[in-house]
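Residues per chain are reported as follows:
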Amino acid sequence: MAQDKLSQLKEMTTVVADTGDLEAIRRFAPTDATTNPSLILQAAQDPSRRERLTEVARKATDIDDAVDAVAVDIGTEIAGLVPGYVSTEVSARLSFDADETIRRAHRIIERYAANGIGQERILIKTASTWEGIRAAEKLEREGIRTNLTLLFSFAQAQACADAGVTLISPFVGRILDWHKANQPDADFSGDNDPGVKSVKAIYEHYKGHGYKTIVMGASFRNTGEIEALAGCDRLTISPALLGELAESTGPLERRLLAADAEQNVPEVLTESNFRWDMNEDAMATEKMGEGIRKFMADQRKLETLLAELRSH
């Protein structure tokens, strides 16, 4: 019997579930799971969670505390289903505030500890802004692992490697979305996909220079993008695309291979160079800003929901 593509992928890449859906996590048995404000909102809207979330929200000191408490409550359930990391995101509102990001990260880690989940199981997620990367650098020095998300450019990837973060989440599908909108007649199929090209370039650079930071491709639009990145350290995949891979057979070729590391390491990217490179990259600047706004919009919906629960 032919092996399905999800099983083949798991042999060369660590598969991560990009969801807060517990049933999907049970079905696909990923190693890790990632969440974000949008996925936490979806999970919180599940009627079966209403009684539990009401209890959690009422015990919180304020709405910010309630948002963190709900994210950790859902993350704790997920941690019972996966053997590896659970990523929990700091408020998108703090994307440009390193000090407050660090404070909130500490609070999230403390909440997990109170639930019996050690900090070695948790990745604190923050946007790959200059401030987010600086917060992650300090957290990593404290032994708190981080996942830098909303990553669209090589400059962001280099700054994250310089900071020694545990993991980055370079986005694939949203890069493709931007290029399709700006070049509607171009051919972006297969290896021409600019999101796939971006992750490949980052992966090859990291491996070629011996960086320890994990590359986890994210934000996929189709299984073709996933197959084109087979062999990447990790790939975080939605339940819908995990299902497509599980139902698909045929050979899956390893596409990414780690190169032997060179001895020369690139110079550390300065803040001014980082900001200039981002300014020069319209796609990365626009998509990161858009991503932060979208996460914040869903967080506001979650805050409204929790405020209602606290008042009843």
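Residues numbered from 1 in each chain as written. Predicted model: local features only at pLDDT ≥ 70, side-chain atom pairs only at ≥ 80, totals over all residues. Heavy atoms only, no water.

Time to look at the packing of aromatic side chains. Using the criterion set out here, one finds three aromatic pairs in the structure. Ring centres of Trp130 and Phe274 lie 5.3 Å apart, and the angle between their planes is 50°; on these two criteria the pair is classed as tilted. Within this pair, whereas Trp130 is found in helix 7 (residues 130-141), its partner Phe274 is found in helix 13 (residues 271-280), the two being separated by 144 residues in sequence. The burial state of Trp130 is the same as that of Phe274; both residues are buried. Taking 5.3 Å as the distance between ring centres and 70° as the angle between the ring planes, the aromatic pair formed by Phe152 and Phe171 counts as edge-to-face. Placement of Phe152 in the loop between strand 5 (146-151) and helix 8 (154-163) and of Phe171 in the loop between strand 6 (167-170) and helix 9 (173-182) is noted, with a sequence separation of 19 residues between them. Of the two residues, Phe152 and Phe171, both sit in the buried class. Across from the ring centre of Trp130, 4.3 Å away, lies the NZ or CZ of Arg134, which sits over that ring. (Phe/Tyr/Trp six-rings, centres within 6.5 Å; stacked < 30°, edge-to-face > 60°. Helix = DSSP H or I, 4+ residues; strand = E, 2+ residues; numbered from the N terminus. Buried < 20%, exposed > 50% of the residue type's maximum accessible area, 1.4 Å probe, protein only. Lys NZ or Arg CZ within 6 Å of the ring centre and 35° of its normal.)

What follows is about the sheet that holds strand 2 (residues 32-34). Within the closed barrel, the eight strands sit side by side as 1-2-3-4-5-6-7-8. Their pairing is parallel. On average, adjacent strands in this sheet sit at an angle of 25° to one another, irrespective of strand direction. Taken together, the three bridges between strand 1 (residues 14-18) and strand 2 define a ladder with parallel strand orientation. Bridging from a neighbouring strand, Ala17 pairs with Ala33 of strand 2. Of the strands in this sheet, strand 1 and strand 8 (234-237) are in contact with helix 12 (residues 239-246), which crosses strand 8 at around 110°. (Pairing = 2+ DSSP bridges. Axes fitted to C-alpha atoms, helices over the stretch in contact; angles between N-to-C directions. Contact = heavy atoms within 4.5 Å.)

Here the focus is the packing of helix 4 (residues 50-59) against helix 5 (residues 63-79). Orientation of helix 4 relative to helix 5, taken along the N-to-C sense of each, is 140°, at an axis distance of 9 Å. One element, helix 4, and the other, helix 5, form an angle in the oblique class. Here helix 4 and helix 5 pass one another in a crossing that is right-handed. Contacts between helix 4 and helix 5 involve Arg52, Leu53, Val56 and Ala57 on the former and, on the latter, Ala66, Ala69, Val70 and Asp73. (Parallel < 35°, antiparallel > 145°, perpendicular 65-115°, else oblique. Left-handed = near helix turned anticlockwise from the far one by under 90°.)

So, on to the environment of Glu142. Relative to the helices and strands, Glu142 resides in the loop between helix 7 and strand 5. Residue Glu142 is classed as partly exposed on the basis of its relative accessible area of 44%. Each C-alpha atom of the pair Glu142 and Glu227 lies 36 Å from the other, and the pair is 85 residues apart in sequence. For Glu142, the residues in contact, after removing those within four places along its chain, are His106 and Gln119.

The subject of this paragraph is the nonpolar core. Formed by 98 residues in total, the largest nonpolar core has its most connected members in Leu9, Ile124, Ile168, Tyr206 and Ile237. Of all the elements, helix 14 (residues 282-311) adds the most residues to this core, at ten residues. Leave out the neighbours within four places in its chain, and Ile237 touches Leu9, Val15, Val16, Ala17, Asp18, Phe220, Ile226, Leu242 and Leu245. If you look at the next biggest cluster of nonpolar residues, it comprises six residues, including Val16, Leu167, Ile214 and Met216. (Core = buried A, V, L, I, M, F, W, Y, C linked by side-chain atoms within 4.5 Å.)

This part is about the pattern of salt bridges. Applying the stated rule across the entire model yields 28 salt bridges. The salt bridge involving Glu100 is made with Arg103; its shortest N-O contact spans 2.7 Å. Of this pair, Glu100 and Arg103 both sit in helix 6 (residues 98-114), three residues apart, roughly one helical turn. Measuring nitrogen to oxygen at the nearest pair gives 3.0 Å for the salt bridge that ties Arg275 to Glu271. With Arg275 and Glu271 both in helix 13 and four residues apart, this pair spans about one turn of that helix. Assessed through its relative accessible area of 38%, Glu271 is described here as partly exposed. Sharing partners across several salt bridges, the network here consists of Asp64, Asp65, Asp68, Arg93, Arg104, Arg107, Arg111 and Glu303. (Salt bridge = Lys/Arg side-chain N within 4 Å of Asp/Glu carboxyl O.)

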